[in-house]
Amino acid sequence: MSTGHVRAWAKFTVMLQEGKRHRERTGESLMVPRYDIVPIPEHLRTHIVEGSVQMFPAETAQSMFDFRADDVVGKIAPRPLLLLHSASDSVTPTEQSIELFKRAGKPTDLHLFAETDHFMLAEDNPRVLAVVREWLERYFPATGGR
């Protein structure tokens, strides 16, 4: 783990502790910046929709920390699951999606994309959009019409 990641993790865990203490002391949530919860690199922040919420209760970060997707992903089956991940993601390690895929039931599809980053749907990548469209048509076909 790089020094930057170690510092970010330390800051995150201190934030969780401060959030708990603040709640116990005041009965109210400690509000924390979104990028302290999930550190998004500067070059990707342009993909966040303008006007998006920038402050969240510390309990949001705690719930993300507490949730263990690896422990529940197998319970999704037999409902279909689509996992999309950047082969080189600057926010979330690619290995996390691979591990989810290993633990998931069927039907599960995992797609790793080169030339994308964490916000692949915001990049209007035609390959990504085609995979999502085809998956939706297969498992959730539109019915009816205008």
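Here, every reference points to the structure presented above.
Our subject in this report is the structure included herewith. Because the structure is predicted, anything quoted here is derived from the model rather than measured.

Structurally, the position occupied by T108 is in strand 4 (residues 108-113). Within the local environment of T108, its side chain forms a polar contact with the backbone oxygen of G105, the two atoms lying 2.5 Å apart. Excluding residues within four positions of it along the chain, T108 makes contact with L81, L83 and F101.

This paragraph deals with the pairing of strand 3 (residues 81-86). The buried fraction of strand 3 is high, at 5 of 6 residues. Pairing of strand 3 with strand 4 involves 6 bridges; the strand directions are parallel. Residue S86 lies in a different strand from strand 4, and its bridge partner there is F113. Where the polypeptide runs from strand 3 across helix 5 (residues 94-103) and back to strand 4, its parallel neighbour, the crossover connection is right-handed.

Summed over the entire model, instances satisfying the criterion amount to 5 aromatic pairs. Measuring from ring centre to ring centre gives 5.3 Å for W135 and Y139, while their planes differ by 50°; the resulting arrangement is tilted. Of the two residues, W135 and Y139 are both situated in helix 6 (residues 126-139); the distance of 4 residues between them amounts to about one turn of the helix. With a centroid separation of 5.7 Å and an interplanar angle of 55°, the aromatic rings of W135 and F140 are classed as tilted.

The rules behind the values
- Residues numbered from 1 in each chain as written.
- Predicted model: local features only at pLDDT ≥ 70, side-chain atom pairs only at ≥ 80, totals over all residues.
- Heavy atoms only, no water.
- Helix = DSSP H or I, 4+ residues; strand = E, 2+ residues; numbered from the N terminus.
- Polar contact = N/O pair within 3.5 Å; in protein donor to acceptor, adjacent residues only side chain to side chain.
- Contact = heavy atoms within 4.5 Å.
- Buried < 20%, exposed > 50% of the residue type's maximum accessible area, 1.4 Å probe, protein only.
- Pairing = 2+ DSSP bridges.
- Right-handed = clockwise from strand over helix to strand, strands pointing away.
- Phe/Tyr/Trp six-rings, centres within 6.5 Å; stacked < 30°, edge-to-face > 60°.

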